[in-house]
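# Results of the structural survey
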Amino acid sequence: MSKKFLLLVGAVLCALPLSAQEAWREGLNIAGLSFYKDSEAQVQLGSSYTSGDFRRPSEAARLWQGGVDAQAEKHYKNLVFVGALQFDVKHGHDMMGSMFTTPEFYPIDVLEFTPGPKTRLTYGVGGGVVWITRSRWIPGFTLEFQGVNYSKRNDLRHITNRMVINFAPSLLYKGDRWNFGATLILNNNAEFVKAEQLGDPTTDTYYAFLDKGKRYGIYDVWNASGIHLADPGLDRLAVKQSIWGLALQTSRQENFYADVEYRHTRGHVGEKGCTWFRFPGQVFRAKALWNISGKKGLHTLRADMNWEGIDNYESVIDRAPDGGAVTPVEYARNRIYIKRSMEVGPSYRYESNAGWKLGAATSFKIDTDRGTYMYPFLDLDGSAVLNLALNGEIPIGPVTVSAEIALRTEVAEKHEVIDTDEADEGVITYPFRLVDWWDMEEEFNDCTRLSGTVNVRYDFAIRRQQFFVEAGCTTFHGLGVTILPGSNRQTTHLSLGYKF
């Protein structure tokens, strides 16, 4: 596989492992690559195995994964090309639950309850170009595509397809000391869930659950109208989302870098005139890092802040006759779910001139979820989570050993449920909740967990060609687990790479 092939085809674009001194690789502005000169390409084949019962109910009891990831970056006098190619396959045993490829990405979900194997294929291609002009202005762009096929082959069987397209044109201004950049963010993603039952439907009845947030929703036969997997005239559940935004960057040589990013999101569930849900949202992110050179190494101080908010509106739709045809008519929209999340945290990293590295990071995250599915019912959940991590890397000849230990613990929580009618109007109906699933997921999210990771990498050459082998393991342990089937989970991986 040649560099030209990677530059022409390439997967979802991601940077090669590089030093913290190359600060512009931290952001979305590809024009920042014009500051650097090194060309590099890498192909990596890898596999992993995950097992253990400390997991969400939608996760596999045992998961096998394998794939290939290829990346390249080529610098010319006036141009920089980047490209990437990715293919990944996962096979999970005893899986049920979410039919979506990425649970919790959207504010709704659909669950099924027949344990069995699931297979997920992910493929992507992407690339970008930077044009180094004779002026101080440097333009560039990246274009990425990712597709996911997710399937379950025993009843209730389903096939889920996901598509993501990212386009990010960028512009960079190179000053004498200060540099400034801007990136336009354009993203479209869509997911389609199609379910079916083979054989005589009177023999076995399969149920599904439409989750409207916080595991409140509708539990019914899978093809009932309220689940939206098989509505009249529709044979799938369709979700689409558009994202547009702007990112701004600045730096002072390689000593200081900062960027801010704003995204506006707009999504909907349904098609062919039936829009069951609409979920607008906003995202704001910011980070800054300082590189401080010492006599024996480089100190990097960093601060991150992320804020996200999303609202979900459910439509009231009826099918009315119109000239002999039945047409969907939307009468109203009700806001049924609100989520707000904010995370802030500093981190520190030291890179020694001798090659070893040491880092520490902490973050504090506050989440608030509110469900108002029917009057006068209200369910409010709030939590505050603290994350701590220490990591390091030591080169021993051709061998590099890296490790990390981390702690995640909930430091505060708030639960409030209003299920009575103070006006005494006789409202006695309550929304249905999938209590067993909610309790397991809440324990997984709330319990204190410890994790540890160890990786060993060996670099070697064959006929002047550079290769590496890497193996590692990550383990998780949950404290005080009583509802989940276990308190431990691990992932072991092995990969072979070629650099050229």
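Before reading on, note that the structure itself is shown above.
Presented here is a report on the structure given in the accompanying data block. (Residues numbered from 1 in each chain as written. Predicted model: local features only at pLDDT ≥ 70, side-chain atom pairs only at ≥ 80, totals over all residues. Heavy atoms only, no water.)

Its volume calculated, the largest cavity comes out at about 40 Å³. In terms of lining, the largest cavity is formed by H228, D231, L234, R236, L237, A238, G270, E271 and W276. A breakdown of the residues in the lining of the largest cavity according to their chemical character gives four nonpolar, two polar and three charged. (1 Å grid on protein atoms, 1.4 Å probe; cavity = no way out; pocket = protein on both sides within 12 Å on 5 of 7 lines; lining within 4 Å. Points joined across faces, edges and corners; volume = space filled by probe spheres on them. Nonpolar A, V, L, I, M, F, W, Y, C, P; charged D, E, K, R; others polar.)

Attention now moves to the pattern of salt bridges. Close approach of charged atoms allows side chains with opposite charge to pair. Here the structure, examined in full by the defined rule, presents 33 salt bridges. Between D109 and R215 there is a salt bridge whose closest N-O contact spans 3.8 Å. You can see D109 sitting in strand β4 (residues 109-131) and its partner R215 sitting in the loop between β8 (207-211) and β9 (216-221), a full 106 residues away along the chain. Ionic contacts of the salt-bridge type, sharing partners, join the residues D109, D211, R215 and E441 into one network. (Salt bridge = Lys/Arg side-chain N within 4 Å of Asp/Glu carboxyl O. Helix = DSSP H or I, 4+ residues; strand = E, 2+ residues; numbered from the N terminus.)

Another aspect to go through is helix α2 (residues 435-446). Taking 1.5 Å as the rise per residue, α2 with twelve residues should run 16 Å; its terminal C-alpha atoms sit 16 Å apart, in good agreement. The complete set of buried residues in α2 reads W437, W438, E441, E442, E443 and F444. Buried positions along α2 lie against β3 (79-98), β4, β16 (378-396), β17 (399-418), β18 (432-433) and β19 (449-462). (Expected span 1.5 Å × (residues − 1). Buried < 20%, exposed > 50% of the residue type's maximum accessible area, 1.4 Å probe, protein only. Contact = heavy atoms within 4.5 Å.)

L156 follows D155 through a cis peptide bond whose omega is -5°. Cis peptide bonds are those with omega within 30 degrees of zero, and the linkage from Y375 to P376 qualifies with 0°. Relative to the helices and strands, P376 is located in the loop between β15 (357-371) and β16. If you check the backbone angles, H228 has positive phi at about 70° while not being a glycine. Mapped onto the elements of the fold, H228 is located in the loop between β9 and β10 (237-252). A residue is classified by how much of its surface remains accessible, and H228, at 9% relative accessible area, is buried.

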